Amino acid sequence: MNLTKTPHKKQPIGVFDSGIGGLTVANAINRYLPNEEIIYFGDTAHLPYGDKSADAIRYYCLKIVKFLLERDCKMIVIACNSASSAAYDTLVDFFPGEAIFVNVVDPLVTGVIEKSYKKIGIIATKATIRSDVYQRKLREQQSNLEVAALETPLLVPMIEEGYFDNNISQVIIENYLSNEQFKGIEALLLACTHYPLIRSDIEDYLGKAVDVLDSTLFTVRDIENKLRKRDLLNDHKEKDHQFYVSDFTQSFEETTRLFYNEHLQLDHYSIW
Ligand code: DGL
């Protein structure tokens, strides 16, 4: 992608999600690229995206990206699989050359292809699975890869309520993962930015024979490569990260602790 504006290192990275799940990605950026400044936007007024139509998700994403570009972001990270699946192509077309766009689907697809599996499973929201984006991108790059994809809509509310590493989460996870179509998988993709929080539940259920992969580190690698290639990696962070939500409640702020290692303050910003 050619940028029409000339970006500079000091500009922030815009990161957004339907809510607070994308904080898993922001947390990893903060950890592995500590000189970068982040502006995070969680669209808590419209959460969950996983149950919305692709058109509705695209509309929300356009507004959010406009907000982040107005704040001078050099890069926009779509830290949500549902939004990446529905809106990535639209956003790149709609804001040509205005920033570098990163989604969470392509980095994970690349990571999977590098492993040459024969059969994998994917779990994600309804929006992500029904978009067929993972299945299509994986097939395009490895036509003999067998892909079993399952919608797992109970997992996001379960995680947001703090139900993981306990007997309730184990029952729900077992119910989903015992699905016949997952027989013989060598890897399971956690294709939702909430799911890294239940990685250990899932690993316990699947055992060592199945690799459990999520987008987080693959996405940070992609962000770093794209910034390095353009000499846009910041060498010194001057401002604090900023975290905005489109609807504020105390419980959203409390739940951020599950997703982000440091205490953070959410600011309410209505873009609707
Ligand atoms: N974090 C979103 C994703 O990665 C799921 C949450 C939602 O449904 O809004 O798909």
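Before any of the text, the structure's been laid out above.
Quantities reported herein were computed from a predicted structural model and do not represent experimental measurements.

**Student:** I'd like to hear about the site of the ligand, residue by residue, with values.
**Tutor:** Residues in contact with the ligand amount to 13 residues; listed here are only the nearest, Ser 18, Tyr 49, Gly 50, Asn 81 and Ser 82. Between Asn 81 and the ligand, the recorded distance is 2.8 Å, taken from a backbone N or O atom to an oxygen atom. Protein contact buries 99% of the 300 Å² of open area that the ligand shows by itself. One can see that the ligand is located within the second largest pocket. For the shell around the ligand, the residue count by class is five nonpolar, seven polar and one charged.

**Student:** I'd like to hear about the pattern of salt bridges, residue by residue, with values.
**Tutor:** Overall, the coordinates contain 18 salt bridges when judged by the stated rule. The salt bridge partner of Asp 214 is Arg 199, with a shortest N-O separation of 2.8 Å. In this pair, Asp 214 is assigned in strand S8 (residues 211–214) and Arg 199 in helix H9 (residues 199–206), connecting sequence segments 15 residues apart. Here the residues in one salt-bridge network are Lys 9, Lys 10, Asp 231, Asp 235 and Glu 238, joined through shared partners.

**Student:** Give a detailed account of the sheet that holds strand S6 (residues 146–151), specifying residues and quantitative values.
**Tutor:** The parallel open sheet is built from four strands, whose spatial order is S6-S5-S7-S8. Sheet topology places S6 and S8 at the edges, where each strand pairs with a single neighbour. Between one strand and the next, the sheet's axes are offset by a mean angle of 20°, whatever the strand orientation. Bridge count between strand S7 (residues 187–190) and S8: four bridges; the pairing is parallel. Its bridge partner being in S8, Leu 188 is matched across the sheet by Val 212. Packed onto the sheet, helix H4 (residues 105–113) meets strand S5 (119–124), S7 and S8 and runs at close to 150° relative to S8.

**Student:** Can you break down empty space enclosed by the protein residue by residue, with the values?
**Tutor:** Across all of its chains, the model carries one cavity of 30 Å³ or more by this definition. Roughly 40 Å³ of volume is contained in the largest cavity. Taken together, Thr 24, Val 25, Asn 81, Leu 190, Cys 192, Thr 193, Pro 196, Asp 214, Ser 215 and Thr 216 form the lining of the largest cavity. Per-class residue counts for the lining of the largest cavity are four nonpolar, five polar and one charged.

**Student:** Report on the packing of aromatic side chains, specifying residues and quantitative values.
**Tutor:** The full count for this structure, using the stated rule, is nine aromatic pairs. Judged by centre distance (5.3 Å) and plane angle (75°), the rings of Phe 243 and Tyr 260 are edge-to-face. You can see Phe 243 sitting in strand S9 (residues 242–245) and its partner Tyr 260 sitting in the loop between helix H11 (250–259) and strand S10 (267–268), a full 17 residues away along the chain. The two residues Phe 243 and Tyr 260 agree in class, both being buried. Grouped by ring-pair contacts, the aromatic residues Phe 41, Phe 67, Tyr 244 and Tyr 269 constitute a single cluster.

The rules we used
Residues numbered from 1 in each chain as written. Predicted model: local features only at pLDDT ≥ 70, side-chain atom pairs only at ≥ 80, totals over all residues. Heavy atoms only, no water. Near = heavy atom within 4 Å. Polar contact = N/O pair within 3.5 Å; in protein donor to acceptor, adjacent residues only side chain to side chain. Areas by Shrake-Rupley, 256 points an atom, 1.4 Å probe, with all protein chains shown as cover. 1 Å grid on protein atoms, 1.4 Å probe; cavity = no way out; pocket = protein on both sides within 12 Å on 5 of 7 lines; lining within 4 Å. Sits in = over half its atoms within 2 Å of the grid points. Nonpolar A, V, L, I, M, F, W, Y, C, P; charged D, E, K, R; others polar. Salt bridge = Lys/Arg side-chain N within 4 Å of Asp/Glu carboxyl O. Helix = DSSP H or I, 4+ residues; strand = E, 2+ residues; numbered from the N terminus. Pairing = 2+ DSSP bridges. Axes fitted to C-alpha atoms, helices over the stretch in contact; angles between N-to-C directions. Contact = heavy atoms within 4.5 Å. Points joined across faces, edges and corners; volume = space filled by probe spheres on them. Phe/Tyr/Trp six-rings, centres within 6.5 Å; stacked < 30°, edge-to-face > 60°. Buried < 20%, exposed > 50% of the residue type's maximum accessible area, 1.4 Å probe, protein only.

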